[in-house]
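# Analysis of the macromolecular model
Residues per chain, in single letters:
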Amino acid sequence: MEATLTSAADMGPEIAPGVAAALKNFKLPESLGFGAVPAPVMFAADWFDGRWGRGRIVPYGPIEILPGARALQYAELVFEGLKAYRVGGEWPNLFRPRENWLRLARSAERLSMPPVPETLFFQAIDSVAASCRDVIPRESGRSLYLRPFLFGTEAGYLLRNSTGFTFMVIANPVEVYSSGAMRVAIERDDVRAAVGGVGAAKTAANYAASLRASSAAVARGMTVALWLDARDQRWIQELSGMNLFAVINGELHTPSLDGAILPGITRDSLLTLGPHLGFTVIERRMAIDELLAQIAGGECSELFACGTAAIVSPIAVLAEGRSDPHRREYVPKRVDVVAAQLREALLAIQERRATDPFGWTRDVARLP
């Protein structure tokens, strides 16, 4: 997955005029939301003629892109999401960032895009996080969300890859993505992803396919949609943007990766953290009707979702979707018991308020 950097890219990022002023003039608002407050600087690097150019740190603002660019016309775009924390120490730290680089490389490979070299990826996230260290919130539960993304810039309608690409990292000081217990709607009509498609890649098209059902769920008072497999509409995949866990007879169950489920880094962390806390963790194919029967019968006592943005979010209700005129609802007997334990244990490691037995955290590299 590694690609060779040019000597220009190896030199470290250029710092554009206006960066110092943008950082100095930025004021962190009291209310952050999620993605609503842009950090004052961003990173960009271009790929052309088979080579990566030198990266640059510039003030946050609009970018120029041709209207016919394949990123706009054919969704030739992949992205990642990770956080920088500044709670347990003076200098910010990251959580499992190499896993984000590896997943970005896999996503790029699925779309036949040039992979971002590991050196360039870390140069980008480190330089943005280090530049923004003074605007990273210090309170537990708040962080700097980093959004690396890679997109095709060549204009044209031929169905082939671009010859030019741009890699960028933007950032946002954020609060937890979702607060409170979620109400989840089972989606039995639309399909998010199929095996062999782009469901296992973090692509723009993957998320675009989920928007109609997600918006319909919100319109009826729900939080998000739960997706089923494309072939049989029987097997649970994931929520829009989050992976699902169920507590069944005291064990943690989650759908096994099937080639259409996005392999979440938080999900993978819970697979390791759960046994460390004394839980049995089981990955398996999970039929939706079986899970609903287990909720009704009490074997399934709790549901929760997980992801970088949401960390670990409890689920209060699992409800039938648009096609069910009765709008049947299934309510687990407990909400946010096991989820709260896992969330606090994971967040304490991420924020360096607890020891990290797995070696998951890493300091942000200091600027030269």
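Note that the structure is predicted; figures quoted are calculated from it, not measured.

Here is what the cut-offs are and how they apply
- Each chain has its residues counted from 1, running along the sequence as written.
- Since the coordinates come from a predicted model, pLDDT governs what is reported: local features require at least 70, and pairs of side-chain atoms require 80 or more to be given and counted, while whole-chain, interface and lining totals use all residues.
- Side-chain numbers here rest on the full set of heavy atoms in the structure, without hydrogens or water.
- Helix and strand definitions here come from DSSP, where helices need a minimum of 4 consecutive H or I residues and strands a minimum of 2 consecutive E residues; each element is numbered from the N-terminal end.
- For the radius of gyration, the atoms used are the C-alpha atoms, and the globule rule reads 2.2 Å times the number of residues raised to 0.38.
- Residues are treated as being in contact if the distance between any of their heavy atoms lies within 4.5 Å.
- Working definition of accessibility: Shrake-Rupley area with a 1.4 Å probe, residue cover restricted to the visible protein chains.
- All tallies of charge rest on Lys and Arg as positive and Asp and Glu as negative; His and the ends of each chain are not included.
- Charge placement uses NZ in Lys and CZ in Arg. For Asp and Glu, CG and CD serve respectively.
- With a 1.4 Å probe rolled over the protein chains alone, any residue whose accessible area is under 20% of its type maximum counts as buried; one over 50% counts as exposed, and the rest are partly exposed.
- By definition, two strands form a pair when at least two bridges between them are found by DSSP.
- The working definition used for a salt bridge is a side-chain nitrogen of Lys or Arg within 4 Å of a carboxyl oxygen of Asp or Glu.
- Buriedness for pockets is judged along seven lines, at least five of which must meet protein on both sides within 12 Å for an open set on the 1 Å grid over protein atoms alone, while cavities are sets there where a 1.4 Å probe fits but cannot get out, and lining residues have an atom within 4 Å of a point.
- Grid points are joined across faces, edges and corners, and a volume is the space filled by probe spheres set on the points.
- By this rule the span expected of a helix is its residue count minus one, scaled by 1.5 Å.
- Throughout, nonpolar core names a set of buried Ala, Val, Leu, Ile, Met, Phe, Trp, Tyr and Cys residues whose side chains join them through atoms within 4.5 Å.
- Stacked, tilted and edge-to-face are the three classes applied to pairs of Phe, Tyr and Trp rings, where Trp contributes its six-membered ring and a pair requires centres within 6.5 Å; stacked means planes under 30 degrees apart, edge-to-face means over 60, and tilted covers the rest.

Here the focus is the overall build of the chain. Helix and strand content of the chain: 10 helices and 19 strands. Its C-alpha atoms give the chain a radius of gyration of 21 Å, near enough to 21 Å, the size a compact globule of 368 residues would have. Summarising its shape, the C-alpha atoms of the chain cover approximately 65 × 50 × 35 Å along the three principal directions. Considering only contacts within the chain whose residues lie at least 6 apart along the sequence, 72% involve residues at least 24 apart. Carbon and sulfur atoms make up 53% of the accessible area of the chain, which amounts to about 15600 Å² in all. The positive charge centre, built from 39 side chains, and the negative charge centre, built from 40, are 2 Å apart in the chain.

Within strand β11 (residues 224-228), five of the five residues are buried, leaving the element largely enclosed by the surrounding structure. Both faces of β11 are covered, namely the face carrying V224, L226 and L228 and the face carrying A225 and W227. Both strand β10 (residues 182-187) and β11 contribute to a ladder of four bridges, which runs parallel. Bridge pairing in β11 links I186 to L226. Of the pairings in the sheet, the one linking β11 to strand β12 (residues 236-239) comprises two bridges and is antiparallel in character. By the bridge assignment, L226 is partnered in β12 with L239.

Pairing is possible between side chains of opposite charge, provided their charged atoms come close. The full count for this structure, using the stated rule, is 22 salt bridges. Residue R56 is joined to D46 by a salt bridge in which the shortest nitrogen-to-oxygen separation is 3.1 Å. Of the two residues, R56 is situated in strand β4 (residues 56-59) and D46 in strand β2 (residues 41-48); the sequence distance between them amounts to 10 residues. Taking the relative accessible area as the measure of exposure, D46 reaches 32% and is therefore partly exposed. The salt bridge partner of R192 is E238, with a shortest N-O separation of 3.0 Å. Of the two residues, R192 is situated in the loop between β10 and α6 (204-208) and E238 in strand β12; the sequence distance between them amounts to 46 residues. In this pair, the class of R192 matches that of E238, namely buried. A single salt-bridge network, built from bridges that share partners, covers R86, E90, D134 and R138.

There is about 780 Å³ of room inside the largest pocket. Around the largest pocket sit 37 residues that line it, and R147, Y177, Y207, G241 and A309 are the ones nearest its centre. Breaking the lining of the largest pocket down by element, the ones donating at least two residues are β8 (143-152), β9 (164-174), α7 (211-219), α8 (265-276) and β16 (300-307). Sort the elements by how many residues they give to the lining of the largest pocket and α7 lands first, with four residues.

For the rest of this paragraph, the subject is empty space enclosed by the protein. With the rule as written, the count across this model stands at three cavities of 30 Å³ or more. If you add up the space inside the largest cavity, you get close to 80 Å³. Residue lining of the largest cavity: L82, K83, Y85, F95, N100, I265, T266, T308 and Q350, and that is the complete set. Elements with a minimum of two residues in the lining of the largest cavity: β6 (82-85) and α8.

Taking 1.5 Å of rise per residue, 14 residues should cover 20 Å, and helix α4 (residues 97-110) covers 20 Å from first to last C-alpha, within 8% of that figure. Those residues of α4 not exposed but buried are P97, N100, W101, L102, R103, L104, A105, S107 and A108. Immediately downstream of α4, the backbone of S112 shows phi near 55°, a positive value.

Okay, the nonpolar core next. Formed by 42 residues in total, the largest nonpolar core has its most connected members in F43, L146, L150 and F167. Residue assignment for this core shows that the elements contributing at least two residues are β2, β6, α4, α5 (118-131), β8 and β9. For this core, the element with the most residues is α5, which contributes eight residues. Beyond its immediate chain neighbours, meaning those up to four positions away, L146 contacts E80, G81, L82, A84, L94, I125, V128, A129, V169, I170 and A171.

As a further point, take the packing of aromatic side chains. For any pair of aromatic rings, the description consists of the separation of the ring centres together with the inter-plane angle of the planes. Going through the model one piece at a time under the given rule, you end up with 11 aromatic pairs. Ring centres of W47 and F165 lie 5.7 Å apart, and the angle between their planes is 65°; this geometry places the pair in the edge-to-face category. Within this pair, whereas W47 is found in strand β2, its partner F165 is found in strand β9, the two being separated by 118 residues in sequence. Side by side, W47 and F165 carry an identical accessibility label, which is buried.

For α8, which comprises 12 residues, the first-to-last C-alpha distance of 17 Å matches the rise-based estimate of 16 Å (1.5 Å per residue) to within 8%. For α8, the full list of buried residues reads I265, T266, R267, S269, L270, L271, L273 and G274. G278 occupies a position one or two residues after α8 and carries a positive phi of about 100°.

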